[in-house]
Amino acid sequence: MARILLIEDSPTDTAVLTQLLERNGHQVLASGNAEDGIETCKREKPDLVMMDVVLPGMNGFQATRALSRDADTSAIPVLIVSTKGMDTDKAWGMRQGARDYIVKPPREDELIARINALLGA
């Protein structure tokens, strides 16, 4: 079981992804915006961060860059989960420090496989 921080502003997506993760044995922390998510990540040190891109205020690309460049959080893998599915979005997300990128809505088996790969499970 991993502790996963979900940074997602949509209550519906948060509920769906939380159910999916908990059904697969993970503990979920949720944050509705990037700034709170960064603070939660520094405080809670989750095993993995699932990051939306389209967020109020700071976007997910900026938050991913902030987490990946901070010595306190740089070892925590970031998985971007976004509706932005163009190759340029994926490439940009990876350049910001994300370890993987998956387009919404993710298939449950694919999402869990990617999470397991990032966690070394």
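Our subject is the structure listed above.
These numbers were taken from a predicted model, which means no experiment stands behind them. (Residues numbered from 1 in each chain as written. Predicted model: local features only at pLDDT ≥ 70, side-chain atom pairs only at ≥ 80, totals over all residues. Heavy atoms only, no water.)

Draft legend 1. Seen up close, the overall build of the protein. Across its full length, the protein carries five helices and five strands. Counting from the amino terminus, helix and strand elements in the protein follow one another as β-α-β-α-β-α-β-α-β-α. Against the compact-globule benchmark of 14 Å for 121 residues, the protein has a radius of gyration of 13 Å, which places it among compact chains. With the principal axes as the frame, the protein shows a C-alpha extent of 30 × 30 × 30 Å. Here the protein, with 121 residues, has 45% of them falling under the buried criterion. The long-range share in the protein, meaning contacts at least 24 apart out of those at least 6 apart in sequence, stands at 62%. (Helix = DSSP H or I, 4+ residues; strand = E, 2+ residues; numbered from the N terminus. Rg over C-alpha atoms; globule rule 2.2 N^0.38 Å. Buried < 20%, exposed > 50% of the residue type's maximum accessible area, 1.4 Å probe, protein only. Contact = heavy atoms within 4.5 Å.)

Draft legend 2. Spatial organisation of the pattern of salt bridges. A full pass over the atoms with the stated rule returns eleven salt bridges. Measuring nitrogen to oxygen at the nearest pair gives 3.0 Å for the salt bridge that ties Asp-13 to Lys-104. On the criterion of sequence distance, the pair formed by Asp-13 in helix H1 (residues 11-23) and Lys-104 in the loop between strand S5 (100-103) and helix H5 (108-119) is long-range, its members being 91 residues apart. Since its relative accessible area comes to 15%, Lys-104 is described here as buried. Here the salt bridges do not stand alone but share partners, grouping Asp-100, Arg-107, Asp-109, Glu-110 and Arg-114 into one network. (Salt bridge = Lys/Arg side-chain N within 4 Å of Asp/Glu carboxyl O.)

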